[in-house]
Structure formats: C-alpha cells, structure tokens
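One-letter residues, chain by chain:
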Amino acid sequence: MPSKVIIANAVLFLFCSAMLAQNDKNKIAQTLKSADTIQVQEPIDPLSPAKAAFYSAVLPGLGQAYNKKYWKIPIVYGALGTGIYFYTNNNKEYNRYRDAYKRRLAGFEDDEFFGRIDLNGLQRAQKFYRKNKEISLLVTIGIYALNIIDANVDAHLLQYNIDKNLTLAPHFKFNEMDAKSDLGLTLNFNF
C-alpha cells in the first residue's frame, strides 16, 4: 500500500501539471489575441490620489465613493460613529460627576451620588471619564485620518498596472538527492 506522502505528492504533481498546461494554453491564446487586437491602456491621472484624499477630508467616505469602493463607506461611518458615541457618552458621565463634585464643594448635599460616593470617589470618576473622553477623541481623529489615507492609497493602487506578465504559481519538484519532493511557489516575470 503506498504511503500517504507518495499519494499526496502524486496528487500535487497532477495539480501542478494541470496548472502548467492551462498556463500554456492561456499564453497561446493571449499571443493570438494580441496579434489581432491592439490593447489600449487608460491614461494615468496623477491627480487622482490627491482628489480622493481631498474628497475624504471634506466628507468622510466621499473619497471611497470616488474610487468606486462603495462597500468601505459603511465601515468608515460605523467607525467614526462609534468613536463619536464613546466621546459623547464619556463627556456626559464626566459632566455628571463634575457637577456633583462642584455641588458638594459648594455645601449642597442633594446630588445623585450623595451617600454612595465620597469626594475622593467623585474626583477619581472625573479623572477616569476625562481620560476616556480624550482617548475617544484621539481614536476618532485617527479613524478620520485613516479614512483619508485609505482613499489616497486606494487611488494609487487603482492606477497600478496589473497584467498577466507577473504570475505566482505553485511549484513542484522531485529532489533526486534525497528522493523527496519539494513544494513551493514560483514567481515569474515575463518581459
């Protein structure tokens, strides 16, 4: 009974052979097509990344729409909305504890935390919510900046020339020195 390694190598060999045969058929078909037709490439617009970044800076998500990556727009607004939600929530809690602390210092004992939290607890709560409010603001600003960077980089990558001359294919080779098979990836550049 053949071992599992030999069976796996045989299957992999057949797969790689089929891939190479398909690749040869594609090359022949491309050669015939290129002889019959002239390929026209779109001109590169060097201002496209700058426009996308500007549009995203003016209105978050507009640069993604300019790049026709509409699926990213809800992600941008969801991330910005989450950051704004946490900022407003922490700001509201900070103001509650700050107002109670100010009323206690003024001599009033009618705040909502009286009897449960002392002055030191009110100060710690203010410090905690102020820190969280500032972190939420920084995260929201970071998400806004990432929105702009994403639009710019995506516009650059849309202009990148992708053709069949650059391929990455699986590679199978039988190593005759130790009678084992080698599996890897082959990167091909065709000029």
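Residues numbered from 1 in each chain as written. Predicted model: local features only at pLDDT ≥ 70, side-chain atom pairs only at ≥ 80, totals over all residues. Heavy atoms only, no water.

## Section: the overall build of the chain
Next up, step 1: A count of helices and strands for the chain gives five helices and two strands.
Next up, step 2: Along its sequence from the N terminus, the chain presents helices and strands in the succession α-α-α-α-α-β-β.
Next up, step 3: Burial statistics for the chain: of 191 residues in total, 20% are counted as buried.
Next up, step 4: Of the contacts formed within the chain by residues at least 6 apart in sequence, a portion of 52% connects residues at least 24 apart. (Helix = DSSP H or I, 4+ residues; strand = E, 2+ residues; numbered from the N terminus. Buried < 20%, exposed > 50% of the residue type's maximum accessible area, 1.4 Å probe, protein only. Contact = heavy atoms within 4.5 Å.)

## Remarks on helix α2 (residues 48–58)
Next up, step 1: All of the buried residues in α2 are Ser48, Pro49, Ala52, Ala53 and Ser56. Within α2, the buried residues cover an arc of 135° as seen down the axis, which keeps them to one side. Opposite the packed face of α2, turned more than 90 degrees from it, sit the exposed residues Phe54 and Val58.
Next up, step 2: As for α2, its buried residues are in contact with α3 (62–66) and α5 (119–158). (Arc of directions from axis to C-beta.)

## Some details on the side chain of Ser48
Next up, step 1: Here Ser48 shows up in helix α2.
Next up, step 2: With residues near it in sequence (within four places) discarded, Ser48 still touches Tyr66, Ala155 and Gln159.

## Quick look at the side chain of Asp154
Next up, step 1: Structurally, the position occupied by Asp154 is in helix α5.
Next up, step 2: On the basis of relative accessible area, Asp154 is assigned to the buried category, the value being 11%.
Next up, step 3: Once residues within four sequence positions are removed from consideration, Asp154 is found in contact with Asn67, Lys69 and Lys72.

## Structural notes on the packing of α2 against α5
Next up, step 1: Between α2 and α5, whose axes approach to 8 Å, the crossing angle comes to 155°. With respect to each other, α2 and α5 are oriented roughly antiparallel. At the point where α2 passes α5, the crossing takes the right-handed sense. Between α2 and α5, the contacting residues are Ser48, Pro49, Ala52, Ala53, Ser56, Ala57 and Val58 on the first element and Tyr144, Asn147, Ile148, Ala151, Asn152, Ala155 and His156 on the second.
Next up, step 2: By residue class, the composition of the contact of α2 with α5 is nine nonpolar, five polar and no charged. (Axes fitted to C-alpha atoms, helices over the stretch in contact; angles between N-to-C directions. Parallel < 35°, antiparallel > 145°, perpendicular 65-115°, else oblique. Left-handed = near helix turned anticlockwise from the far one by under 90°. Nonpolar A, V, L, I, M, F, W, Y, C, P; charged D, E, K, R; others polar.)

## Some points on the nonpolar core
Next up, step 1: Counting eight residues, the largest nonpolar core consists of Tyr94, Tyr97, Ala100, Tyr101, Phe113, Leu122, Ala125 and Tyr129.
Next up, step 2: Looking at this core, the elements with two or more residues in it are α4 (73–105) and α5.
Next up, step 3: Among the elements that line this core, the one with the most residues is α4, at four residues.
Next up, step 4: Apart from residues no more than four positions distant in its own chain, Ala100 is found in contact with Asp111, Phe113 and Leu122. (Core = buried A, V, L, I, M, F, W, Y, C linked by side-chain atoms within 4.5 Å.)

## Topic: the packing of aromatic side chains
Next up, step 1: Tallied over the entire structure, the rule returns six aromatic pairs.
Next up, step 2: Between the aromatic rings of Tyr85 and Phe86, the centroid separation amounts to 5.3 Å while the plane-to-plane angle is 70°, which identifies the pairing as edge-to-face.
Next up, step 3: Here Tyr97 and Tyr129 contribute two aromatic rings whose centre-to-centre distance is 5.7 Å and whose plane-to-plane angle is 15°, an arrangement assigned as stacked. Placement of the pair is Tyr97 in helix α4 and Tyr129 in helix α5, with a sequence separation of 32 residues.
Next up, step 4: By relative accessible area, which is 12% here, Tyr97 ends up buried. (Phe/Tyr/Trp six-rings, centres within 6.5 Å; stacked < 30°, edge-to-face > 60°.)

## Topic: the packing of α4 against α5
Next up, step 1: Here α4 crosses α5 at 160°, and the two axes come no closer than 8 Å. With respect to α5, the axis of α4 lies roughly antiparallel. The handedness of the crossing between α4 and α5 is left-handed.
Next up, step 2: Considered class by class, the residues forming the contact of α4 with α5 number 17 nonpolar, nine polar and five charged.

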